[in-house]
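Structure assessment
Listed here are the chains, written in short residue letters.
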Amino acid sequence: MWLGFLGLVGVLLALDLGVFHRRNCQIGVCHSLLLSAFYIALGVGFSGLVALQLGQQASLEYLTGFVVEKSLAMDNLFVIATIFTYLSIPREYQHRVLFWGVLGVIVLRAVMIGFGAALVAEFHWVLYLFAAFLVATGIKMLWSADAHFDLENNPVLKLARRCFRVTDRLHGNHFFVKQEDPATGRRITFITPLFLALLVIEVADVIFAVDSVPAVFAITTDPYLVYTSNIFAILGLRALYFALAAVMHRFAYLKQALAILLVFVGSKVFVADMLGWTKFPAEWSLAVTFVILGGGVAYSMWRTRASPTEAVVKDVPEKVELESRL
């Protein structure tokens with residue numbers, strides 16, 4: 001089962017970069033919507049395979065985890081848009097950054113999920129810590145829903161500029177370039193703003209994983225279900241980004257819905273214990289998840305129905321000189 005899943009992911013990544021997106025070009029909305037629909041259908045369809053292999057209960061737990069992870073990944077899109085805008089990364093190079101970002105996420109999530117699974121297996125009470133952390137995080141998100149991702153004082157960018165030589169402009173789709181050192185005249189390696197974007201996106205995902213990984217463990221402790229739901233949710237993130245980049249302002253209240261969802265996912269662990277249940281019913285969990293997310297999306301669409309199309313990042317000017325940022 002593990003080998004089959006990892007083989008499928010490897011084939012999808014190879015087709016993505018090696019066949020469908022070999023050339024640097026802007027990805028259209030229609031293409032992005034079709035690709036996003038394909039990945040969502042693949043993720044949902046995988047629940048049928050899980051049902052055949054592990055049973056209906058496991059399938060419902062996987063599907064709930066997939067929906068929760070896909071929803072939490074939406075919050076990541078706003079941060080990615082901020083990073084690309086701040087560093088003035090052209091649309092035709094964004095796919096390359098997102099591809100390698102997803103590749104890094106697959107490895108990092110495997111490490112975090114493996115560590116989390118080992119902790120839960122050895123110390124079951126850790127699951128209650130995860131649940132309490134989710135409730136606290138959800139409440140904090142409700143209070144700080146309007147906070148923006150601050151890149152001006154981002155410690156990752158500051159550290160990268162202090163430790164590495166950074167070019168003042170892009171060099172195509174290259175992460176690294178050879179240039180002459182003004183001090184010595186020797187040709188040395190510089191990193192480009194494209195690599196800076198990749199670096200910040202990877203660190204941002206680690207921060208988001210601190211919320212999302214415990215959220216799935218609160219739904220199921222099976223490492224296979226946790227990892228597959230995580231990866232299928234992330235695989236379509238690139239396509240979803242290009243499809244929704246122009247209309248992200250319509251999801252203005254999604255963050256509040258995600259906060260409520262985290263509170264629910266964390267609290268149901270305690271509710272199940274209080275009611276004497278072995279586990280909160282998977283079908284109830286999936287239904288409540290859909291109601292919370294559907295309500296958040298519907299309310300966002302209603303409140304922004306008369307809003308004109310606006311930039312994703314309001315605090316960054318439309319045209320930014322890259323040299324001034326670096």
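Structure report, in brief. (Residues numbered from 1 in each chain as written. Predicted model: local features only at pLDDT ≥ 70, side-chain atom pairs only at ≥ 80, totals over all residues. Heavy atoms only, no water.)

Take the packing of aromatic side chains next. All told, the structure shown has 20 aromatic pairs when counted by the stated rule. Ring geometry for F123 against W125: centres 5.9 Å apart, planes inclined by 50 degrees, an arrangement best described as tilted. On the basis of relative accessible area, F123 is assigned to the partly exposed category, the value being 37%. Centroid distance F130 to F217: 5.9 Å. Interplanar angle 40 degrees. Geometry classified as tilted. Placement of F130 in helix 5 (residues 126-143) and of F217 in helix 7 (residues 193-217) is noted, with a sequence separation of 87 residues between them. The class for F130 is buried, based on a relative accessible area of 17%. Clustering of aromatic rings is evident, with ring pairs tying together W2, F5, F46, Y62, F66, Y224, Y227 and F232. (Phe/Tyr/Trp six-rings, centres within 6.5 Å; stacked < 30°, edge-to-face > 60°. Buried < 20%, exposed > 50% of the residue type's maximum accessible area, 1.4 Å probe, protein only. Helix = DSSP H or I, 4+ residues; strand = E, 2+ residues; numbered from the N terminus.)

How two helices sit against one another is set out by the angle between their axes and by the gap between those axes. At their nearest, the axes of helix 3 (residues 56-86) and helix 8 (residues 223-235) sit 8 Å apart, and the two run at 40 degrees to each other. Taken as axis vectors, helix 3 and helix 8 run oblique relative to one another. Where helix 3 crosses over helix 8, the two elements pack in a sense that is right-handed. For the pair helix 3 and helix 8, the contacting residues are A58, E61, Y62, G65, F66, E69 and K70 in the first and L225, T228, S229, N230, F232 and A233 in the second. Of the residues belonging to the contact of helix 3 with helix 8, the class tally is six nonpolar, four polar and three charged. (Axes fitted to C-alpha atoms, helices over the stretch in contact; angles between N-to-C directions. Parallel < 35°, antiparallel > 145°, perpendicular 65-115°, else oblique. Left-handed = near helix turned anticlockwise from the far one by under 90°. Contact = heavy atoms within 4.5 Å. Nonpolar A, V, L, I, M, F, W, Y, C, P; charged D, E, K, R; others polar.)

Following both chains from N to C, one finds helix 5 and helix 7 inclined at 125 degrees, their axes separated by 9 Å at the closest point. Taken together, the axes of helix 5 and helix 7 are oblique relative to one another. Along this stretch, helix 5 crosses helix 7, giving a crossing that reads as left-handed. Facing L127, F130, F133, L134 and T137 of helix 5, the residues of helix 7 in contact are V210, D211, P214, A215 and F217. Classifying every residue of the contact of helix 5 with helix 7 gives eight nonpolar, one polar and one charged.

Turning our attention to the side chain of Q94. Take Q94: it is sitting in helix 4 (residues 91-122). For Q94, the residues in contact, after removing those within four places along its chain, are F84, I89, Y241 and F242.

Pairing of strand 1 (residues 176-180) with strand 2 (residues 187-191) involves five bridges; the strand directions are antiparallel. Residue Q179 lies in a different strand from strand 2, and its bridge partner there is I188. (Pairing = 2+ DSSP bridges.)

If you look at the biggest cluster of nonpolar residues, it comprises 97 residues, and the most contacted ones within it are F84, F217, L235, Y241 and V265. The leading source of residues in this core is helix 3, at 17 residues. The contacts of V265, once residues within four sequence positions are left out, are V68, L134, A215, A218 and I219. (Core = buried A, V, L, I, M, F, W, Y, C linked by side-chain atoms within 4.5 Å.)

Moving on, we come to empty space enclosed by the protein. Applying the stated criterion to the full structure yields one cavity of 30 Å³ or more. Elements with a contribution of two residues or more to the lining of the largest cavity: helix 3, helix 4, helix 7 and helix 9 (237-244). Of the residues forming the lining of the largest cavity, the biggest block, five residues, is contributed by helix 4. (1 Å grid on protein atoms, 1.4 Å probe; cavity = no way out; pocket = protein on both sides within 12 Å on 5 of 7 lines; lining within 4 Å. Points joined across faces, edges and corners; volume = space filled by probe spheres on them.)

These figures capture arrangement, not role.
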